[in-house]
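Residues per chain, in single letters:
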Amino acid sequence: MTLAPLLSADFAIQIHAFTASLAVPVGGFVLWRKKGTALHKLLGRVWVVLMFIAATSALFIHEIRLIGPFSPIHLFTIFTYVALFNGLRAIIVHHDVARHRGNMQGLYVGALLLAGAFTLLPGRRMNAVLFGPDAGWTPSLLAIGSILAVAAFLWLRWRRPVAA
């Protein structure tokens, strides 16, 4: 593991990687801990800010250009903004805990786990950071498979109907 590929990257990439990487454990903690507590609210706000910064910094990353300066990966930015807005509106305006929870859980799985998993493909910067420039496909596929398994487990667990 070496941070050299990240430290030599554009500032937007560094900000994006830092905030997204920090959002994974903070979001996981918020989603697994007791809800409604002062700690949940505080760390939830921190997580929202991290996600907003990660999404906004992604708009300034243009390494894969398919549609002008953008790529399909940038759709995660729109997804993030919409899920953050809907999740916050659900809890602040409507006091709808179920909708808030669904938006935040979906955002965690979709924007952090799924999008994050594919940053580990060979040729991508985070692959070089975690596995080195000559690692090949094996560590990437093992890591991506593991992340996708966790994402599927969480998604299925969270989508189960709540017992009455």
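Let me begin by describing the structure that accompanies this report.

The subject of this paragraph is the packing of helix α3 (residues 38-58) against helix α5 (residues 97-117). Here α3 crosses α5 at 40°, and the two axes come no closer than 13 Å. When the interaxial angle is binned, α3 and α5 end up oblique. Helix-helix and strand crossings are classified by hand; for α3 and α5 the assignment is left-handed. Only Met 104, Leu 107, Tyr 108, Ala 111 and Leu 112 of α5 make contact with α3, whose side of the interface consists of Trp 47, Val 48 and Met 51. Looking at the contact of α3 with α5 residue by residue, the classes come out as eight nonpolar, no polar and no charged.

You can see Val 129 is positioned in helix α6 (residues 125-131). For Val 129 and Leu 50, which are 79 residues apart along the polypeptide, the C-alpha to C-alpha distance reads 21 Å. Discounting residues that sit within four places of it in the chain, Val 129 has contacts with Met 1, Thr 2, Leu 3, Pro 5 and Leu 6.

Before going further, it helps to spend a moment on the side chain of Asn 103. Tracing the sequence through the fold places Asn 103 in helix α5. Residue Asn 103 is classed as buried on the basis of its relative accessible area, which comes to 18%. Excluding its chain neighbours within four sequence positions, the residues that come into contact with Asn 103 are Ala 83, Asn 86 and Gly 87.

Calculation rules
- Residues numbered from 1 in each chain as written.
- Predicted model: local features only at pLDDT ≥ 70, side-chain atom pairs only at ≥ 80, totals over all residues.
- Heavy atoms only, no water.
- Axes fitted to C-alpha atoms, helices over the stretch in contact; angles between N-to-C directions.
- Helix = DSSP H or I, 4+ residues; strand = E, 2+ residues; numbered from the N terminus.
- Parallel < 35°, antiparallel > 145°, perpendicular 65-115°, else oblique.
- Left-handed = near helix turned anticlockwise from the far one by under 90°.
- Contact = heavy atoms within 4.5 Å.
- Nonpolar A, V, L, I, M, F, W, Y, C, P; charged D, E, K, R; others polar.
- Buried < 20%, exposed > 50% of the residue type's maximum accessible area, 1.4 Å probe, protein only.

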